Amino acid sequence: MKPLKYLLISSLAAATLLGGSSAWAAGLSADTLRSSNGQMLADVTTFAGIGDFEDLNGDALRAGFRAPGSVVQLPDGSVLIADTRNHLIRKVSGGKVTTFAGPEIVVTTNSLGFPTGGLLDGKAPEAFFNAPSGLAVDGKGNVYVADSANNAVRKVDTNGQVTTLGGNGVPGKKDGKGSAASFNHPSDVAVTADGIVYVADSLNHVIRKIATDGTVSTLNAASTRAIIIRPGEASFAGEYQDGSLAEAKFNEPAGLALDSKGNLYVSDTGNQRVRYIDLQAGTVKTVAGSTARLSNNSIYEKNELYAGGDYADGEALLAKFDFPKGLAVTSEGGVLIADSLNHAIRYLLDGKVTTISGTIQTGESDGVERAAEFYNPSDVIVTAQGNIIVADASNNKIRKITPYHLPTNLTNQGINVVHGDKAISFDAQPEIQDGRTMVPVRAISETFGYEVKYAEQAGKKVVQLVKGNTTVELTIGDTGVVLKQAGQVDVKQATDVSPYVKQDRTYVPIRFFAEQIGLDVQWDDSTRTAILRTLSFVK
């Protein structure tokens, strides 16, 4: 089993160079574990949000959000959320959710009774936003907001004052200073420690820059690809081109992250790729993602807005994404990716893409990395505490991915068995038989609340582990395990080892029992430890 890298706070030099917006906060280095298939061991839980499409402050797990679009961490450790459909910036601190910027009371609603946004500067509780979708923090703790439906970039300073840095509420693509400039649905922002702001100007298909004096400029070429979106109506759509920055083209860029050199990673959403802008060299290249070149020698079908999305891990330039959005750069040079329509969190490192958590199936289950589910994750950060925080937009939740660590009190002799973060004690040592971990049945059953019973069937001794309407049966000397649940057909699973009796104790294979009761089982060879964790659960 390969060791996984744990999350470390980056160097002071990096923190000085970059603002907190890029999530240049942590890296993956050796301490946590990987599963037998190379996936990071991690537990996914709900950090905030009940899941209802609602606007509720209070206890984090009872709070309500509406399609949260972005997350960022403040210097004090609290987490800010762009609560997009509530048109608010929310804050999670000490297990409580409060409103950081925007009105506490809904002033106007649409025909469905949901809040409507507005554009108004002023003190944070009196300011208005309209579908804020991206957040960033500079080295002083000022917060920057991609205020998408206002077609503007806003700033909340450390005194709680909201101002508009660029844009005027009207969609357009004009460079200039402050309100003289215009944007078209900016989706994300990244900011250097000294306040230079980069903007993913999504529907203009360009990356913009706001200098410290408020001057807005455009970094790359505009798209010239026109498509027919409906009979008699044409529109410009994004394009794809690497090369010099001045000539490079994007398709609805939606996420930005600064690296340690001050260069930009871009989630090129409509092209299903992650791109890299070397600002010093003035170049753009694709670093992850691929799509087929079609018979028309294009990556787009005729009159299609986007390249086709798909899912595949592996070599970075062969990997596949489906609408990648939020990005976070780690101190080892990796990039976390909120792969929104694959409903997964992916990781780009050393030229390879792997999946950290989630599946291509939608859902909201918490649990271990392979069983947890997301629904349109839109952003991701790594906190200073070493956890991954995800804006799980269509679940109306904020989720937390915690890299798994073994308990510290493991023995260096014999076999260890742990349940989550606790070691299980045995009155007789577990042992290995034919490559399987065998444990005394009574101790393992008591740990999980099962009663041990014995029965005779066809002249053979059967071990029964009973809890409520569930019974797990194993036969001494025979392979196989049977799961019996009231009102359901018995489920039989083949095993390659059988229970046995030794010194008046019955030993059973831990993996097969654990899997029958809904646990994930992993093995860490370096510490000779069987790791049992809850596979999945929905609160």
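Quick caveat, the model's predicted, so the values are computed rather than measured. (Residues numbered from 1 in each chain as written. Predicted model: local features only at pLDDT ≥ 70, side-chain atom pairs only at ≥ 80, totals over all residues. Heavy atoms only, no water.)

## Observations concerning the domain arrangement of the protein chain
So, point 1. Split into domains, the protein chain comes out as domain 1 (42-403) and domain 2 (416-534).
So, point 2. Once you take the C-alpha centre of each, domain 1 and domain 2 turn out to be 46 Å apart.
So, point 3. When domain 1 packs against domain 2, close to 340 Å² is buried across both sides, 30% of that on carbon and sulfur atoms.
So, point 4. For the interface between domain 1 and domain 2, the tally reads three salt bridges.
So, point 5. As a salt-bridge pair, Asp43 and Arg533 come within 3.2 Å of each other at their nearest N and O atoms.
So, point 6. Here domain 1 is connected to domain 2 by four residue pairs in polar contact (both at pLDDT 80 or more).
So, point 7. Elements with a contribution of two residues or more to the side of domain 1 that touches domain 2: strand 3 (42-48) and strand 31 (366-368).
So, point 8. Here the residues of the side of domain 1 that touches domain 2 are counted per class, giving two nonpolar, one polar and three charged. (Domains from an automatic or database assignment. Buried area = accessible area lost by both parts, 1.4 Å probe. Salt bridge = Lys/Arg side-chain N within 4 Å of Asp/Glu carboxyl O. Polar contact = N/O pair within 3.5 Å; in protein donor to acceptor, adjacent residues only side chain to side chain. Helix = DSSP H or I, 4+ residues; strand = E, 2+ residues; numbered from the N terminus. Nonpolar A, V, L, I, M, F, W, Y, C, P; charged D, E, K, R; others polar.)

## Examining the UniProt feature "repeat: NHL" (unreviewed entry) in the protein chain
So, point 1. Here the UniProt feature "repeat: NHL" (unreviewed entry) sits at residues 129-159, 172-213, 250-280 and 373-404.
So, point 2. Structurally, residues 172-213 comprises 0% helix and 43% strand, and the distance from its first C-alpha atom to its last is 21 Å.
So, point 3. Between the end C-alpha atoms of residues 373-404 the distance is 17 Å, and the span holds 0% helix and 56% strand. (UniProt positions renumbered as here; feature names shortened; annotations may be inferred.)

## Remarks on the environment of Gln241
So, point 1. Within the secondary structure, Gln241 sits in the loop between strand 20 (233-237) and strand 21 (243-244).
So, point 2. Residue Gln241 is classed as partly exposed on the basis of its relative accessible area of 32%.
So, point 3. Each C-alpha atom, one on Gln241 and one on Asn251, is 9.7 Å from the other, the two residues being 10 residues apart in sequence.
So, point 4. Beyond its immediate stretch of four places on either side in the chain, Gln241 contacts Glu247, Ala248, Lys249 and Arg275. (Buried < 20%, exposed > 50% of the residue type's maximum accessible area, 1.4 Å probe, protein only. Contact = heavy atoms within 4.5 Å.)

## A look at the pattern of salt bridges
So, point 1. What the rule picks out here adds up to 29 salt bridges.
So, point 2. Linked through salt bridges whose partners overlap, the residues forming this network are Asp43, Glu369, Arg370, Asp520 and Arg533.

## Here's the deal with the nonpolar core
So, point 1. If you look at the biggest cluster of nonpolar residues, it comprises 31 residues, and the most contacted ones within it are Val417, Ile444, Phe448, Leu465, Phe513 and Leu532.
So, point 2. No other element matches helix 3 (residues 510-516), which puts four residues into this core.
So, point 3. Sequence-distant contacts of Leu465, that is, excluding residues within four places in its chain, are made with Val441, Ser445, Tyr450, Glu451, Thr470, Thr471, Val472, Leu474 and Phe513.
So, point 4. With 17 residues, the next largest nonpolar core counts Ala328, Tyr347, Ile388 and Ile401 among its residues. (Core = buried A, V, L, I, M, F, W, Y, C linked by side-chain atoms within 4.5 Å.)

## Structural notes on the UniProt feature "domain: Copper amine oxidase-like N-terminal" (unreviewed entry) in the protein chain
So, point 1. Under the feature "domain: Copper amine oxidase-like N-terminal" (unreviewed entry), the UniProt entry names residues 421-531.
So, point 2. Secondary structure content for residues 421-531 is 13% helix and 50% strand, and the end C-alpha separation is 9 Å.

## Quick word on the sheet that holds strand 6 (residues 79-83)
So, point 1. A sheet is described by the order of its strands in space; here five strands give the open sequence 4-8-7-6-5, paired in antiparallel fashion. At either end of the open sheet lies a strand with only one pairing partner, and these are strand 4 (58-59) and strand 5 (68-73).
So, point 2. Here strand 6 runs beside strand 7 (residues 88-93); their pairing, made up of five bridges, is antiparallel. The partner of Asp83 across the bridge, within strand 7, is Leu88. (Pairing = 2+ DSSP bridges.)

## Quick word on unusual backbone geometry
So, point 1. Although it is not a glycine, Glu252 adopts a positive phi angle of roughly 50°.
So, point 2. A positive phi angle is found at Phe323, which is not glycine, with a value near 60°.
So, point 3. When you line up the elements, Phe323 lands in the loop between strand 26 (314-315) and strand 27 (324-329).
So, point 4. The exposure class of Phe323 is buried, given its relative accessible area of 17%.

## Observations regarding the packing of aromatic side chains
So, point 1. Counted under the stated rule, the structure contains six aromatic pairs.
So, point 2. Between Tyr265 and Tyr276 the ring centres are 4.8 Å apart and the planes differ by 55°, which places this aromatic pair in the tilted class. Taken as a pair, Tyr265 in strand 23 (residues 264-268) and Tyr276 in strand 24 (residues 273-278) lie far apart in primary sequence, 11 residues in all. Residue Tyr265 shares its accessibility class with Tyr276, and that shared class is buried.
So, point 3. Aromatic side chains Tyr500 and Tyr507 sit 5.4 Å apart centroid to centroid with 10° between the ring planes, which places their arrangement in the stacked category. Note on accessibility: Tyr500 and Tyr507 belong to one class, buried.
So, point 4. Joined through ring pairs, the aromatic side chains of Phe448, Tyr450 and Phe513 make up one cluster.
So, point 5. Seen from the ring of Phe53, Arg66 lies directly overhead, with NZ or CZ sitting 5.2 Å from the centre.
So, point 6. Directly above the ring of Phe374 sits Arg399, whose terminal nitrogen or CZ lies 4.8 Å from the centroid. (Phe/Tyr/Trp six-rings, centres within 6.5 Å; stacked < 30°, edge-to-face > 60°. Lys NZ or Arg CZ within 6 Å of the ring centre and 35° of its normal.)

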